[in-house]
Amino acid sequence: MNLTELNKVATAMVASGKGILAADESSGTIKKRFDAIGVESTEDNRRDYREMLFRSREAMSQYISGVILYDETIWQDAKDGTPLVRLIEQSGAIPGIKVDEGTQALPMCPGELVTMGLDRLAERLKTYYQRGARFAKWRAVIDIGSGIPSMTAISVNAHALARYAALCQAAQIVPIVEPEVLMDGDHDIDRCHEVTQRVLNKTFQELRVQRVALEGMVLKPNMAISGKKSPKQASVEEVAEKTIRLLKACVPAAVPGIAFLSGGQSDEEATAHLNAMHKLGPLPWGLTFSYGRALQAAPQKAWAGKAENVAAGQSAFSHRARMNGLASRGEWQSSLEQKAA
Ligand code: 13P
């Protein structure tokens, strides 16, 4: 393992003004997104859609540091035969790959999940590296509900995240460690804060036990935020203040960067929250976005599967990328959104 090189990649992934595009929807998830815009989820349509994003020159060269790909995409070629990975590299962004294989029910723990994919991971990482991937992602899912999460779910998921992270570093790939506490429930922000604190503490404990070099990883957490169904919705300032307090308590400064998931927040909320956190700086790590839905909802709607809408899709993507790029410096204002509308 070359830690200097891993640290260089991790630092580039969270460079100020840039963030990560999570375009690693599994076949099931992208089908759901395509259903919503009336597009059939064929291999060609998935390729055309992602090619549209990766050829968005303004977004990719100025505001996107890296792209998380799904296995199908990393092996796909653009219409003209150029591998999609090369398009990403040519724009100056770093290709990454989702390597977990989704979740399964956790035995003895009703309603809870464990992430799969450790078997043969070392071999898979080798082939992904050869194809150009320089970072990877593994997502653990923790749900909040009555009596959950259990310590069992937190513990097995943290263990798997650390196993994955160590295998990545041994393969010279930067692991994005993503323990996602879902925002789907009716819990308030303080419950989210408390659960996320337990999850992050356990995750870093496992990372240490398994000798993962913190300098060569990126953390992808949820924000401390109210559950979607909670009658008590926290303000942007409260989310920012509680998230930063939480991260300062749990994330060592040796970690080069933190890149949030959007988790079901609206496009503008996700941007406003990141921006407000930067108003509370200086911060000990790079702090940016690794959004899926909050970067792609607008371009998906504008594109709607039609070749004549590619320019509109790219412009919608570039707008969101620029807004989040500004937020990653604390330079975003909501008036910039109105101007674009
Ligand atoms: P969202 O931003 O849509 O939550 O997706 C990010 C991601 O990569 C989840 O694993």
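Note: the structure precedes this text.
Residues numbered from 1 in each chain as written. Predicted model: local features only at pLDDT ≥ 70, side-chain atom pairs only at ≥ 80, totals over all residues. Heavy atoms only, no water.

Caption draft 1: Molecular detail of the overall build of the protein. When helices and strands are tallied, the protein shows 14 helices and 10 strands. Taking 341 residues into account, the globule formula puts the C-alpha radius of gyration at 20 Å, and the protein, at 19 Å, falls close to it. Dimensions of the protein, computed from C-alpha atoms along their principal axes, come out at roughly 50 × 45 × 40 Å. Per-residue burial for the protein yields a buried fraction of 57% across its 341 residues. When contacts within the protein are restricted to residue pairs at least 6 apart in sequence, those whose partners lie at least 24 apart make up 78%. Only carbon and sulfur atoms are counted for the fraction: they give 50% of the accessible area of the protein, which is about 13,800 Å². Within the protein, the 39 negative side-chain charges are centred at a point lying 3 Å from the centre of the 41 positive side-chain charges. (Helix = DSSP H or I, 4+ residues; strand = E, 2+ residues; numbered from the N terminus. Rg over C-alpha atoms; globule rule 2.2 N^0.38 Å. Buried < 20%, exposed > 50% of the residue type's maximum accessible area, 1.4 Å probe, protein only. Contact = heavy atoms within 4.5 Å. Areas by Shrake-Rupley, 256 points an atom, 1.4 Å probe, with all protein chains shown as cover. Lys, Arg positive; Asp, Glu negative; His and termini not counted. Charge placed at Lys NZ, Arg CZ, Asp CG, Glu CD.)

Caption draft 2: Here's a closer look at the state of the cysteines. In total, this model carries zero disulfides according to the counting rule given. Here C192 stays unpaired: no disulfide links it, and the sulfur of C250, its closest cysteine neighbor, is 12 Å away. (Disulfide = S-S within 2.5 Å.)

Caption draft 3: The arrangement of the pattern of salt bridges in detail. Scanning the entire structure with this criterion turns up 24 salt bridges. Taking the shortest distance from any N to any O, the salt bridge between R245 and E241 comes out at 3.0 Å. Placement of both R245 and E241 in helix α10 (residues 236–250) is noted, with a separation of four residues, approximately one turn of the helix. A residue is classified by how much of its surface remains accessible, and R245, at 45% relative accessible area, is partly exposed. (Salt bridge = Lys/Arg side-chain N within 4 Å of Asp/Glu carboxyl O.)

Caption draft 4: Representation of the packing of helix α11 (residues 267–278) against helix α13 (residues 310–327) within the structure. Following both chains from N to C, one finds α11 and α13 inclined at 20°, their axes separated by 8 Å at the closest point. Here α13 runs roughly parallel to α11, going by the angle between their axes. For the pair α11 and α13, contact is made by D267, E268, A270, T271, L274, N275 and H278 and by R320, M323, N324, L326 and A327, respectively. The residue makeup of the contact of α11 with α13, split by class, is five nonpolar, four polar and three charged. (Axes fitted to C-alpha atoms, helices over the stretch in contact; angles between N-to-C directions. Parallel < 35°, antiparallel > 145°, perpendicular 65-115°, else oblique. Nonpolar A, V, L, I, M, F, W, Y, C, P; charged D, E, K, R; others polar.)

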